[in-house]
Every structure is written in C-alpha cells, then in structure tokens.
Amino acid sequence: MTMPAFRLRVVVGPEDIDDLGHTNNVSYLRWVQQVAESHWSRLSRRVPASERDRLMWVVRRHEIEYLAQSYPGESLELITWVPSSGPATCDRATLVRRSGDGATLVEALSTYCILDAATGRPRRVTDSMRALFGNPPVVARPRREPFPPLPAEIEEAGAA
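Residues numbered from 1 in each chain as written. Predicted model: local features only at pLDDT ≥ 70, side-chain atom pairs only at ≥ 80, totals over all residues. Heavy atoms only, no water.

What to know about the confidence of the model for the protein
Right, so step 1: Averaged over every residue, the pLDDT of the protein is 92; residues scoring 70 or more account for 97%.
Right, so step 2: Least confident of the elements in the protein is helix H2 (residues 49–52), whose mean pLDDT is 86; most confident is strand S1 (residues 6–11), at 97. (pLDDT = per-residue confidence, 0-100. Helix = DSSP H or I, 4+ residues; strand = E, 2+ residues; numbered from the N terminus.)

Examining the pairing of strand S5 (residues 104–116)
Right, so step 1: In terms of burial, S5 is largely enclosed, as ten of its 13 residues are buried.
Right, so step 2: Of the strand pairs in this sheet, strand S2 (residues 55–66) and S5 are connected by eleven bridges, and their pairing is antiparallel. Across the sheet, Trp57 pairs through a bridge with Ile114, a residue of S5.
Right, so step 3: Pairing of strand S4 (residues 89–98) with S5, which is carried by nine bridges, proceeds in the antiparallel orientation. Of the residues in S5, the one forming a bridge with Arg92 is Ser110.
Right, so step 4: Here S4 folds back onto S5 in antiparallel fashion, the turn holding five residues, of which Gly102 has a positive phi close to 75 degrees. (Buried < 20%, exposed > 50% of the residue type's maximum accessible area, 1.4 Å probe, protein only. Pairing = 2+ DSSP bridges.)

Remarks on the layout of surface pockets
Right, so step 1: Size it by volume and the largest pocket reaches roughly 500 Å³.
Right, so step 2: Along the wall of the largest pocket there are 15 residues; nearest its centre are Arg60, Arg61, Thr111, Arg141 and Pro142.
Right, so step 3: Every element with two or more residues in the lining of the largest pocket is listed here: S2, S4 and S5.
Right, so step 4: Tallying contributions element by element places S2 first for the lining of the largest pocket, with three residues.
Right, so step 5: Class assignment for the residues of the lining of the largest pocket results in four nonpolar, four polar and seven charged. (1 Å grid on protein atoms, 1.4 Å probe; cavity = no way out; pocket = protein on both sides within 12 Å on 5 of 7 lines; lining within 4 Å. Points joined across faces, edges and corners; volume = space filled by probe spheres on them. Nonpolar A, V, L, I, M, F, W, Y, C, P; charged D, E, K, R; others polar.)

Structure below.
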C-alpha cells in the first residue's frame, strides 16, 4: 500500500523576498521542513502517544534544486511523500509548485534520521513506522563523496 502524497499550501509573504525581488532560498528550505513536520504530525496521530513521545526526527541531509522563481503574493503548494527508507532513516521528497500555473519551482530530497528522544541515539525504523509512510522500500545508502579538504588559509569575517 502506498500512502498518498501530503499537500500544504502557503503564500509568499514580503518576509520571504530577497534582494533580487523573488523568494529567498532559505524560505524554500523552511517550507520543506514545515511540510515534513505537518505530514508527520498528521501521520503520528495513528501512533500511541506513549510511543510518539519517545521519537524525534532530525535532518541528516537536504538536497535542493531550485528550478524557477516565485514572487510576493503567489500561492504555492508544498507536496511531500516518503519514497524510501533505510534502517534508521527515511527519505522525503518535496515539490514546491506554483498554484496558478502548476510550475515546479523546487525539488528537494531530504534524509531524516529517527532518534530516541530520551537518549538522542538513532532508532530503527520499524515495520509499523514504514506502514505509516505507505511501506516505502528499504534501500542501501551509497557513501557520499569525501568532503573537500579545508584550505590552509582562513580569512576572518570583518578583517580588512
């Protein structure tokens, strides 16, 4: 069984606009997080409170591709779903589309890790948890490329 995608609508406000006159990338990232939290809030109603209170989700990784711009007053729809999971993680796909013409503005893929709220240690994603998300397939995680080395010199902010 695959769960349907979850949709949240937002309107681009003046606080979301950057110096170029369109929506700031940070606002898109905030909305990616917001729709994920709203989706989990909806799904977690099916989890007993005693279990729900022992869980917390943290972001391990965000990959965001900015495809088009949005402007003040535009209505956007944030659509998210969980296409796959790992032993202690769930991948979450998010699209940000303009409501007026349906144009996709942003595609994001985030990896969330589930933690034990009391210990802060990772927990396994159980079969019942996967069922909440529509039983996404468990996938092996490829190792990411090594992080680039730090340059020898570091310039201090504000230094002349």
